[in-house]
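Remarks on the overall topology
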Amino acid sequence: MTDPNAHRLWIQEALNLQLAEPDDRTLSQRLYDALRSGIQQGQLPHGSALPSSRQLASSLGIGRNTVLGATDRLIAEGFLVSRPGAGVFVADWQWGTQQDLKIPSLTNVALSQRGERLLEFTAPSSERHTAFEPGVPALDRFPRERWQRLLRRHQQRAPVEWFDYQNAGGVNALREALCDYLRLSRSVRCHPEQILITQGAQQGFELVARLLADVGDSVWMEEPGYGGAQACFASAGLTLQPVPVDSDGLNVASLPAETPPPKLIYVTPSHQYPSGTTLPLSRRTALLALAQRHGAWIIEDDYDSEFRYTSAPIASLQGLMDNAPVIYVGTFSKVLYPGLRLGYLVLPPSLVANFQRINARLHREGQYVAQAALADFIGEGHFSRHVARMRKCYRHRQATLRQALAPAVSHGLELSSGHAGMHLVAYLQSHALERELVHRGKQAGLRLSPLSSFYLQAPSRPGLVLGYAGATEAEIERASRWLSETWLALA
Ligand SMILES: Cc1ncc(COP(=O)(O)O)c(C=O)c1O
């Protein structure tokens, strides 16, 4: 088709077809779409001349500016070329026509080896959470109105810097409020400048992995342990070394002497995830000594220590000594809500500037309005009131779960102690029983988290991790009764 007249007729027909379809695109957009697909499909071949904009406008019965809007855009994108004095032509478009192209199938696209490995740390489903989902707080109890008021307050007052790129480590008021809170309730040794606000604990783990370890370095991890941290370290190319957890938590003494030394040690000392144990002082001091001996960093993940039901919060590992080789990681995902995406690192002073710079380069800072609102939420006492309310609520939800599981417990189902946190572990007799319960749960619309999925190596103890914080008492009771009856029938 080299004749502009033929092109005009084709364009007219194509546009009429587009116009026949009801949609909300502008005329110019429709002409653009028709021309672009004509070029891509080969109806308007390379080098062919378009009718002039005046001719096109009059034959299509549309304004000339509408035509120019479409053709100028196609010229800017390289589909058309304008030759002054000669007219507008279809460009010598290198891809060839759609028919010539070997269009690859975009189903089953392969991930990188790293991507494939990361899939192993994920759950396949994005369905709505069910009663036993671990790690989800009581979203139904979050004081939304107060939070909205604080957000509005800071939205209105936001200084211009909050609209800009920054690398200051977060809003000062939040770092100050957090520092007071951490010193008082967690015995963390810090100054506000040592705090780097992140978008959750995950980003903190990722930064530590990338900035303090190299590909192939060994990270010692609790076994069983938290899949989110495992995924972060795997994605940074570290070698994940499982360290068995016993009734006192991480047990480095159980590793063979020839185990490669760690560069990082990841630990949840206040409330081991998921077993719920607390690392005793003797193991804490031994761990600090071990890290110092190897020049390693301990990553202390203190994800849910606000929720202790029988004693005051446990003092942090970071605060045990001056200059402890510890990076303390905190999150607001459990104590407020995970969609907030706010967490923090408490860094040794010598690391602060470099972490701030690199974090701003890799991830950018942001959420200043939410950070400022959170500073007020803490400063005005709403935070501690919310924690106290949630402590009561979770204690009650845990008691509901225990009560509904009592028939199974009286026949030998073993439950973890539950002196803290947002989940319990129900230990099972066999992996076959674990698999069968997960399968039956799925059929009953209940997603159960098998303890074996928390292991890097062959799992030693079968069980189920039962979150109780994020569901209502009625939901917990129904689900726990089902579990109790099913366990009794199978075991
Ligand atoms: C052990 C542990 N650490 C940290 C986190 C929090 O991660 P984030 O702050 O990225 O939501 C979780 C959340 O599930 C967790 O279970």
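Residues numbered from 1 in each chain as written. Predicted model: local features only at pLDDT ≥ 70, side-chain atom pairs only at ≥ 80, totals over all residues. Heavy atoms only, no water.

As a further point, take the overall build of the protein. Counting secondary structure elements, the protein contains 15 helices and 14 strands. Expected size for 491 residues packed as a compact globule is a radius of gyration near 23 Å; at 30 Å, the protein overshoots this value by more than 25%. Considered along the principal axes of its C-alpha atoms, the protein spans approximately 90 × 55 × 55 Å. When burial is assessed residue by residue, the protein has 50% of its 491 residues classed as buried. For the protein, the share of sequence-separated contacts (at least 6 apart) that also reach a separation of at least 24 residues comes to 73%. Accessible surface computed for the protein: about 23800 Å², of which carbon and sulfur atoms make up 51%. Charged side chains of the protein number 48 positive and 45 negative; the gap between the two group centres comes to 4 Å. (Helix = DSSP H or I, 4+ residues; strand = E, 2+ residues; numbered from the N terminus. Rg over C-alpha atoms; globule rule 2.2 N^0.38 Å. Buried < 20%, exposed > 50% of the residue type's maximum accessible area, 1.4 Å probe, protein only. Contact = heavy atoms within 4.5 Å. Areas by Shrake-Rupley, 256 points an atom, 1.4 Å probe, with all protein chains shown as cover. Lys, Arg positive; Asp, Glu negative; His and termini not counted. Charge placed at Lys NZ, Arg CZ, Asp CG, Glu CD.)

The end-to-end C-alpha separation of helix α6 (residues 144-157) is 20 Å, in line with the 20 Å expected for 14 residues at 1.5 Å each. Taken together, the buried positions of α6 are W147, L150, L151 and H154. For α6, the arc enclosing every buried residue in end-on projection is 100 degrees, short of the 170-degree limit, so these residues lie on one face. Exposed side of α6, more than 90 degrees from the buried face: E145 and Q156 are the residues found there. Packed against the buried residues of α6 are α12 (368-379) and α13 (382-409). (Expected span 1.5 Å × (residues − 1). Arc of directions from axis to C-beta.)

Further remarks concern the pattern of salt bridges. Applying the stated rule across the entire model yields 18 salt bridges. In this structure, the salt-bridge partner of E77 is R73, at a minimum N-O distance of 3.5 Å. Of the two residues, E77 and R73 are both situated in helix α4 (residues 64-77); the distance of 4 residues between them amounts to about one turn of the helix. For E77, a relative accessible area of 37% translates into the label partly exposed. A salt bridge links E133 to R447; the nearest nitrogen and oxygen atoms lie 3.0 Å apart. In this pair, E133 sits in the loop between α5 (113-119) and α6 while R447 sits in the loop between α14 (431-443) and β13 (449-450), placing the two residues 314 residues apart along the sequence. What emerges from the salt-bridge pattern is a single network uniting D23, R25, R30 and D33. (Salt bridge = Lys/Arg side-chain N within 4 Å of Asp/Glu carboxyl O.)

Once that is clear, we can look at the site of the ligand. As a matter of local geometry, the ligand sits amid G200, A201, Q202, Y226, Y266, Y273, D301, Y303, T331, S333, K334 and R341. With respect to the ligand, the backbone of A201 contributes an N or O atom lying 2.7 Å from an oxygen atom. Between T331 and the ligand, the recorded distance is 2.5 Å, taken from a side-chain N or O atom to an oxygen atom. When grouped by side-chain class, the residues that make up the shell around the ligand number 5 nonpolar, 4 polar and 3 charged. (Near = heavy atom within 4 Å. Polar contact = N/O pair within 3.5 Å; in protein donor to acceptor, adjacent residues only side chain to side chain. Nonpolar A, V, L, I, M, F, W, Y, C, P; charged D, E, K, R; others polar.)

Glancing now at the nonpolar core. Core analysis: the biggest nonpolar cluster contains 61 residues, and F332 and Y394 have the highest contact counts within it. Sorting elements by how many residues they give to this core places α13 first, with 8 residues. Here this core spans two domains, and each of domain 2 (143-381) and domain 3 (385-490) adds at least three residues to it. Those residues within four positions of Y394 in sequence are excluded, and the remaining contacts are P137, A138, F307, Y309, K334, M422, Y468 and A469. Judged by nonpolar contacts, the second largest core, of 30 residues, contains F121, M221, L240 and L351. (Core = buried A, V, L, I, M, F, W, Y, C linked by side-chain atoms within 4.5 Å. Domains from an automatic or database assignment.)

Bringing the domain arrangement of the protein into the picture now. Each assigned domain of the protein is listed here: domain 1 (4-90), domain 2 (143-381) and domain 3 (385-490). The centre of domain 1, based on its C-alpha atoms, is set 64 Å off from the matching centre of domain 3.

Another aspect to go through is the sheet that holds strand β14 (residues 463-467). The sheet built from 4 strands is open, its strands ordered β11-β12-β14-β13 with antiparallel pairing. Unpaired on one side and paired on the other, β11 (414-415) and β13 mark the two borders of the sheet. The sheet strands contacting α14 are β13 and β14, and the helix crosses β14 at an angle near 40 degrees. (Pairing = 2+ DSSP bridges. Axes fitted to C-alpha atoms, helices over the stretch in contact; angles between N-to-C directions.)

A few words on the pairing of strand β3 (residues 195-198). Because side chains alternate across β3, one face comprises the buried residues I195 and I197, and the other comprises L196 and T198, equally buried. Of the pairings in the sheet, the one linking β3 to strand β10 (residues 343-346) comprises 4 bridges and is antiparallel in character. Within β10, the residue paired with T198 across the bridge is G343.

Burial along β10 is two-sided: G343 and L345 and Y344 and V346, pointing in opposite directions, are all buried. Where strand β9 (residues 326-331) lies against β10, 4 bridges are found, and the strand directions are antiparallel. When the sheet's bridge partners are listed, G330 is paired in β10 with Y344.

The end-to-end C-alpha distance of helix α7 (residues 172-186) is 20 Å, a good match for the 21 Å that 15 residues give at a rise of 1.5 Å each. Taken residue by residue, α7 has L174, R175, A177, L178, C179, Y181, L182 and R186 as its buried positions. Where α7 is buried, its residues touch β3, β9, β10, α11 (349-362), α12 and α13. Once α7 ends, the next one or two residues include S187, with phi positive near 55 degrees.

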